[in-house]
Structures are given as C-alpha cells and as structure tokens.
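Residue-level listing of the chains:
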Amino acid sequence: MTSVRPPVPLRHPVDEVPPPGRLAAFGLQHVLAMYAGAVAVPLIVGGAMKLSPADLAYLINADLLLCGIATVLQCVGLWRFGVRLPIMQGCTFAAVTPMVLIGTEGGGLRAIYGSVIVAGVAMILLAPVFGRLLRFFPPLVTGTVILIIGLSLLPVAGNWAAGGQGAADFGTPKNLGLAGGVLVVVLAVQRFAPGFLSRVAVLVGIVAGTAAAIPLGFTDFSGVGDSDWVGVSTPFHFGSPTFETPAVVSMLVVALVTMTETTGDFIAVGEMTGRPVDRRRLADGLRADGAATVLGGVFNTFPYTAFAQNVGLVGMTRVRSRWVVAAAGGMLVLLGLAPKLGAVVAAIPAPVLGGAGLVMFGTVAASGLRTLAAVDFRDNHNLTVVAVSVAVGLLPVGVPGIYKEFPNWFQTVMDSGISAGCVTAIALNLLFNHLPGGRASAPVAAEAPLLESRGGEDAVEQTGEQRV
C-alpha cells in the first residue's frame, strides 16, 4: 500500500523569506522610512547638551547600530525575547524631555545612561505583567490607539514636507512641491506598476525625489567624503554610568509610557499581518524592548521602542515578512558601523521623506478605522470612548506645550499624543465596559497557545490570512 504523507503546513506570510533581491529592496524601504526619526533623538539630546560635532556623530552611529540590533532581536527572536513580527525599533521620543533635563541639569550623559539601564531592567521584569493585561485591549481600544498613532504622526510628515522643523526655508513652495511630487510618484507606482514594483512604491518615490532634489539644490553629498569608513561604538564611551534617583524615577515613568505605546504598535502589526498578538507574544516583545534599552545604556544610546512610522509601511505595502524587517535591521547595523554609508542616507532631503510619510502615516490611521469598523456602537458608550480618547490624544499634537506648566512626570505621559490617547482609551473602556453595570467589549483575539517547531520558529497559526 502506498503511504499517504501528511500535508505539509503552509508557512505563514510573516515567516516567509522573499528572494534576496526583493528582501534587500523591501528592507531598504523600511530603513529610509525610519532613518530621519531614528537619528532625531540623539540630535535633539546632544544638541541640547551642546556636544561637539564629533560626539554628536558618535551618538548617531551608536544609535543606528543599536536600532539594527534591537530590530533583529525583535523580528528573529532569541528564546523569550522578540515578538517575531515585522517591527522596526528606534529611540522613543517619550524619553526626549526627561533626558534633556537629566543631561543639562541632573548629571549629564552618565546619569542618562544609568537611568536608561535601570529602565531597561524594569521593562524586562514588567513584561509578563503587561502580557496579562491583553484582555483590556479589545478592538475598541486597539482601533482607537492605531487611529491616534496615525493622526499623531501626520504632523511629523507635514514638518518634513515643509523642509524640516527649524529650516530657514520652512514652508516654501519648492519644499512642498518636492514633497507633492514624491507623493504623486508613490501613488502612481502603487496604482500602475506591476506586482513587486508597486510594493516598493515608497522606495521608488524616495529615490526619484532624491534624484530630482540634487540638481534643484535641495541637498548635496559633500559631507559623505568627510565621513569615516568604519566607526565602532564601545561600551561606556562617555564614562561609567551614574544612578541619580530623580533621573531613575523619571526614566521609569518613560518605561511605562513606552510599554503602553509599544503594546498598541504590536497589536496593530498583528492585525495587519494576520498573526494576532497573544499574551505570551506581547510579553516576549516587551522583554526584547527592555533588553535593547539595557544595551542602549551600555553602548551610549537611549531607550528603544517599536517605530510607528514603519507600522504604516507594513499596512501600505502588505509585505508581512518579519525577515524583511530583520534585513532592514542588518542594514542599520552596517550604517552604524560605516559612518560614510550613514552620511549618504542622511543627505536625503526632508521634503522627500515628507511626501512618502503622508502616505505611510495616513495608512496607519486608516487601519485604525478599519479595526473600529468591527466594533458595535449601538446602545452603548463606545462612541464616547473613541471620541474622548482621540480628543485627548490629539490635544498635545494640536496645541504643543499645553502641559508645560505641569510636573515633569505628567508631561512625560501626556505630551505624547500616543501615550495620552492610549491611557485614556484603556481607562474609559474599563469605566464603561468592565466595571459593574458596563457592557463588555469583545476580546481582541482568542489567546491560543503558541506552537513551537523544533527549530524554535513559530509554527503556522491558523488564521483567515493563511494562504491556500
């Protein structure tokens, strides 16, 4: 008798590995989408501390190196570290204000790095606790948070399109014209180009925009020749860390804010990719954030979190492979070790990034609306939850500095529209749908146990997105 082989389970799209050429193109697209945001934190903190150009360059190279390492850890995973989804990692903007205060008034870079290390350890220890809170993130909350993430990022794209905050020619027609041209190219490629090319529409738009910007005088690559070919970040380059109590406390608040924001990003990508985030996966992802933050404190950089910019790119391109983002992490490692390559990417004009960002960040907001479309708004208070959460989340975005007279810990939480909206959505959902007398919302997803294959890879999960 002929034996019948059992069917070989299909690989989930998240675990698929594209051919090398596509892998590189998709990965480069993610790098270009997040590069400006990745280097912004060291530039802001270093600039506020009046560091020398050499020290600023060192901070940027260290940041790119750790961005890459953190991204690979998050996507590929190591034991119980890593969400194993297409998640790009970068320095969190929630830590900027506290770090500037610590750096200028509370002990300098050494105190910053001491507080960052403590915050990273706390994130690792608290990760299982956040994993148990997943039931408080139903579609009502996750859809609202994803919507707020997208809307909060749109002003970032707008600033880029206008030339970058603080630019001498901010808002000039030529800047907005270049951004508009990139937007048109991205949309045209996505609409009319064949399969693969349409999925790298953002990359095509950025390359075309940069090529057009050079003869028009928007940028030049003269700084590339002054950069070194190799630059290696060493532990505690600026001295041994110090542990100042006020600095540590403020950074612990940042850690809680970061974990809340990251939870929203994980859930968003899980929904986009058809691999829902369960309790264990969430804890593993947050644990990787903590480990990357500890490494950041050791290697002269800052706390790490999931980058919402790239969440939009996943939704827009529909490329769900985590190996694509892992390849992008590898590219960031190369940029961190080769300052000359980093200088090439840094020469891309802000309006070019702005034109692409409008599409990507708008996609994030639209994904939130898609999630909210499945929520029941009849005979309940769900509409109030969404309305108030979006209003609170966009308040610091629309009125910058509104909380400047409040204590620093309050500003750390509420000055980020994403964290403010997320905390509000969770609290209002508890008030209206979980406390006695409320009407409970449906859960995000059934928390099925994870299946592990022999090699430690996540086995195929039976979702509606599985390909036949």
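Just so it is clear, the structure is predicted and the values come from calculations on it, not from any experiment. (Residues numbered from 1 in each chain as written. Predicted model: local features only at pLDDT ≥ 70, side-chain atom pairs only at ≥ 80, totals over all residues. Heavy atoms only, no water.)

Chemist: Can you explain the overall build of the protein chain? Please cite residues and give values.
Modeler: Of the regular secondary structure elements, the protein chain holds 17 helices and two strands. Across the 468 residues in the protein chain, those meeting the buried criterion constitute 55%. Counting contacts in the protein chain only where the partners sit at least 6 residues apart, residues at least 24 apart contribute 83% of the total. Summed over its atoms, the accessible surface of the protein chain is roughly 19,700 Å², and 67% of this surface lies on carbon and sulfur atoms. (Helix = DSSP H or I, 4+ residues; strand = E, 2+ residues; numbered from the N terminus. Buried < 20%, exposed > 50% of the residue type's maximum accessible area, 1.4 Å probe, protein only. Contact = heavy atoms within 4.5 Å. Areas by Shrake-Rupley, 256 points an atom, 1.4 Å probe, with all protein chains shown as cover.)

Chemist: An account of the state of the cysteines is needed here, citing residue identities and associated values.
Modeler: In a disulfide, the sulfur atoms of two cysteines are covalently bonded to one another. On inspection of all chains with the given rule, the structure shows zero disulfides. No disulfide involves C67; its sulfur sits 5.4 Å from that of C91, the nearest cysteine. C67 sits in the buried class, given a relative accessible area of 0%. (Disulfide = S-S within 2.5 Å.)

Chemist: Residues and numbers for the pattern of salt bridges, please.
Modeler: Counting across every chain of the model gives seven salt bridges. A salt bridge links R322 to D15; the shortest N-O distance between them is 2.8 Å. Residue R322 is found in helix α12 (residues 322–337), and its partner D15 is found in the segment before α1 (20–48); the two are separated by 307 residues along the sequence. For D15, a relative accessible area of 7% puts it in the buried group. Across the salt bridge formed by D169 and K174, the nearest N and O atoms sit 4.0 Å from each other. Of the residues examined, K174 reaches a relative accessible area of 45% and is grouped as partly exposed. Residues participating in the shared-partner salt-bridge network are R80, R280, D284 and R287. (Salt bridge = Lys/Arg side-chain N within 4 Å of Asp/Glu carboxyl O.)

Chemist: Give me the packing of aromatic side chains: which residues, what numbers.
Modeler: Scanning the entire structure with this criterion turns up five aromatic pairs. Note on W79 and F81: the rings are 6.3 Å apart at their centroids and 45° apart in plane angle, and the pair reads as tilted. Among the aromatic residues, those joined into a ring-pair cluster are Y58, Y113, F238 and F302. (Phe/Tyr/Trp six-rings, centres within 6.5 Å; stacked < 30°, edge-to-face > 60°.)

Chemist: Describe the packing of helix α5 (residues 139–161) against helix α17 (residues 417–434), and please don't skip the residues or the numbers.
Modeler: For the pair α5 and α17, interaxial distance at closest approach is 9 Å and the crossing angle is 160°. By the criterion of interaxial angle, the relationship of α5 to α17 is roughly antiparallel. Considering only the axes of α5 and α17, their crossing is right-handed. Taken together, the residues of α17 that come into contact with α5 (itself represented by L140, V141, T144, V145, I148, I149 and S152) are G417, I418, G421, C422, A425, I426, N429 and N433. Along the lines of polarity and charge, the residues of the contact of α5 with α17 split into nine nonpolar, six polar and no charged. (Axes fitted to C-alpha atoms, helices over the stretch in contact; angles between N-to-C directions. Parallel < 35°, antiparallel > 145°, perpendicular 65-115°, else oblique. Left-handed = near helix turned anticlockwise from the far one by under 90°. Nonpolar A, V, L, I, M, F, W, Y, C, P; charged D, E, K, R; others polar.)

Chemist: How would you explain a nonpolar patch on the surface if you had to name every residue and give the values?
Modeler: Taken together, L126, V129, L133 and L256 make up a surface patch of nonpolar side chains, about 280 Å² in accessible area. Within the fold, V129 resides in helix α4 (residues 108–131). A relative accessible area of 40% means that V129 is categorised as partly exposed. (Patch = residues over 30% accessible without salt bridge, like charges linked within 9 Å, V, L, I, M, F, W, Y side chains within 5 Å.)

Chemist: Can you tell me about helix α8 (residues 201–213), naming the residues and giving the values?
Modeler: Along an α-helix, residues three or four apart share an orientation, since each turn contains 3.6 residues. Compared with an ideal rise of 1.5 Å per residue, which puts 13 residues at 18 Å, α8 spans 18 Å between its outermost C-alpha atoms and is within 8% of the ideal. Those residues of α8 lying buried are A201, V202, L203, G205, I206, G209, T210 and A213. (Expected span 1.5 Å × (residues − 1).)

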